[in-house]
Amino acid sequence: MSIAGMLRVAVPIDVSAVTSTASAAFALATPLRVGDLLAAAVIEALGPRAPQDKRERVIRSTLAGLAGGEYVVEIDGRIYTDPHDVAVCSGTVTLRFFLRRALRAA
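Here we summarise the structure given alongside this text. In this text the structure is predicted, and so the values were computed from the model without any measurement. (Residues numbered from 1 in each chain as written. Predicted model: local features only at pLDDT ≥ 70, side-chain atom pairs only at ≥ 80, totals over all residues. Heavy atoms only, no water.)

### Quick look at the pairing of strand β6 (residues 92-99)
As a reminder of what qualifies: In short, DSSP must find at least two bridges between two strands for them to pair. Going along the chain from the N terminus, every DSSP run of H or I of four or more residues is numbered as a helix, and every run of E of two or more is numbered as a strand.
Judged from the five bridges that link them, strand β1 (residues 6-10) and β6 form a sheet pairing that is antiparallel. If you follow methionine 6 over to β6, its bridge partner there is arginine 96. Pairing analysis gives five bridges linking strand β3 (residues 71-75) to β6, with the strands arranged antiparallel. For tyrosine 71, the partnering residue across the bridge sits in β6 and is leucine 99.

So this is what it looks like as structure tokens:
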């Protein structure tokens, strides 16, 4: 995390989808809900030593902020406003957060 304001999250491969469909496409790209990516980003940002209750509180407030329209999240260059949206990812994704009022002022 050498670049301020950005989080990088490793994307897991959905092995069950690869084996059940016999399609290598799922090994190359994994569809994930934006909320799941945000949860992974929070866990990455807090680090492995953060208490579980703190992780849960921060994840809950982060998802509530996105759902409430306080900010938008950019995942690999695409803007998402809903934690239920699906992003197709592979390898490592880059997340950036933008306050809505900052976007309107620009």
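Let's pick the thread back up.
### Topic: the environment of isoleucine 59
Rules: Throughout, a contact is declared for two residues whenever any of their heavy atoms are within 4.5 Å.
Along the chain, isoleucine 59 turns up in helix α4 (residues 52-67). Along the sequence, isoleucine 59 and leucine 38 sit 21 residues apart, while their C-alpha atoms lie 7.5 Å from each other. If we skip the residues at most four places from it in the chain, isoleucine 59 touches Ala39, Val42 and Ile43.

### Quick word on helix α3 (residues 34-46)
Just so we agree on the cut-off: By definition here, a helix of n residues has an expected span of 1.5 Å times n minus one. Only protein chains enter the accessibility calculation, which uses a 1.4 Å probe. A residue is then buried if its area is under 20% of the maximum for its type, exposed if over 50%, and partly exposed in between.
Helix length check: α3, at 13 residues, gives a terminal C-alpha distance of 18 Å against a target of 18 Å (1.5 Å per residue), a fit within 8%. Within α3, burial applies to Val34, Gly35, Leu37, Leu38, Ala39, Ala41 and Val42. Just downstream of α3, glycine 47 is the residue with a positive phi angle, here 90°.

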